[in-house]
Amino acid sequence: MKRVKLAYGERNSQFGHLYLPPAPGDGPVPLVVLVHGGYWSTEFALTIESAIARDLADRGAIVWNIEYRRVGEDGGGWPRTGNDVIAALSALDAPVRYALPEDIAGRVAWSDVSVIGHSAGGQLAVWAVSRLGAKTKRAAVTTVIAQAAALDLCFRDRPARPSLRALMGASIAQAPQLYADASPVDQPPFPAHVVAIHGDLDTSLPAEISRDYVRRASAAGQSAELIIVAGEGHDVFVDPRSRGHLETVRVLGLPRRTKY
């Protein structure tokens, strides 16, 4: 398997790892974008998704695993962190496209891109795709998979966490519109299907957040569905052996593997 580091901006954290499938097959080649979680903080980096990226590439997908500026580094914080994800998605048009071998680039499913975001990365993924209207100049996003995601930043019935307060640079009482502008559940509908996947044992972000998002987003006209994974918690989505990951693979339509 080949992995290439590509920059989509000039700052240190504006880059991603592009994984090429070892055997892309004869038909259209799927393209998947990964947005890692980790409290929007420099305590976590894109490498927490490396095992997932390798697994998806082994199943025949091209994988663009992105980094972004996070709280704790120069330029991190809202809205720059979110804008980095928009820029990383827009990089599908040039840096990513031009890094692909010619025999693969012509077969990539550019009009059927999937974006996956876990936890804080789920907030970033849904928000960025919404802001782009689910398309770049040369590609279209058709599916966003929000894994145990922070889909409601306004937390109408509970206080915001310190990590979210650090991202926003203000409390929700001080800047309610800032929180609403960044909250996936408060975004207008966009032409992609959102699949919220959540473990029923998640104690970090309760599954009710995904359930409430799907209910409210669907009522507003967004195409969305909910998948509850029994017996699993918050961090299973970075484990390629988990049921949560296998549900993700099923939604992507990628082949199953019999062993690891």
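Before reading on, note that the structure itself is shown above.
Keep in mind it's a predicted model, so treat the numbers as computed, not measured.

Calculation rules
Residues numbered from 1 in each chain as written. Predicted model: local features only at pLDDT ≥ 70, side-chain atom pairs only at ≥ 80, totals over all residues. Heavy atoms only, no water. Pairing = 2+ DSSP bridges. Helix = DSSP H or I, 4+ residues; strand = E, 2+ residues; numbered from the N terminus. Axes fitted to C-alpha atoms, helices over the stretch in contact; angles between N-to-C directions. Buried < 20%, exposed > 50% of the residue type's maximum accessible area, 1.4 Å probe, protein only. Salt bridge = Lys/Arg side-chain N within 4 Å of Asp/Glu carboxyl O.

Peer 1: Give me the lowdown on the sheet that holds strand β1 (residues 2-7), citing residues and values where you can.
Peer 2: Pairing is mixed in the open sheet, where eight strands are placed in the order β1-β2-β4-β3-β5-β6-β7-β8. The open sheet has two edge strands with one neighbour each: β1 and β8 (224-229). Strand-to-strand, the axes of this sheet are offset by a mean angle of 20°, without reference to chain direction. Two elements, β1 and strand β2 (residues 15-20), share six bridges in a ladder whose sense is antiparallel.

Peer 1: Explain the pairing of strand β4 (residues 62-66) residue by residue, including any values.
Peer 2: Within β4, five of the five residues are buried, which leaves the element mostly enclosed by the surrounding structure. Of the strand pairs in this sheet, β2 and β4 are connected by four bridges, and their pairing is antiparallel. Bridge pairing links leucine 18 to tryptophan 64 in β4. With five bridges joining them, strand β3 (residues 31-35) and β4 adopt parallel strand pairing. Bridging from a neighbouring strand, valine 33 pairs with tryptophan 64 of β4.

Peer 1: Tell me about unusual backbone geometry, and please be specific about residues and values.
Peer 2: The omega torsion of the bond from tryptophan 78 to proline 79 falls at 10°, within 30 degrees of zero and hence cis. Position of proline 79 relative to the elements: it lies in the loop between β4 and α2 (80-90). The phi dihedral of tyrosine 39 is positive, around 65°, even though this residue is not glycine. Positionally, tyrosine 39 belongs in the loop between β3 and α1 (50-58). We note that tryptophan 40 has phi near 60°; this positive angle belongs to a residue other than glycine. Residue position: tryptophan 40 is located in the loop between β3 and α1.

Peer 1: How would you explain the pattern of salt bridges if you had to name every residue and give the values?
Peer 2: Evaluation of the coordinates by the stated rule reveals twelve salt bridges. Note that arginine 70 is salt-bridged to glutamate 67, the shortest N-O span being 3.2 Å. Just as arginine 70 is buried, glutamate 67 falls in that class too. With a closest N to O distance of 3.1 Å, arginine 241 and aspartate 239 form a salt bridge. Among the residues examined, aspartate 239 registers a relative accessible area of 25% and is labelled partly exposed. Linked by salt bridges that have partners in common, Asp152, Asp186, Asp212, Arg215 and Arg216 make up one network.

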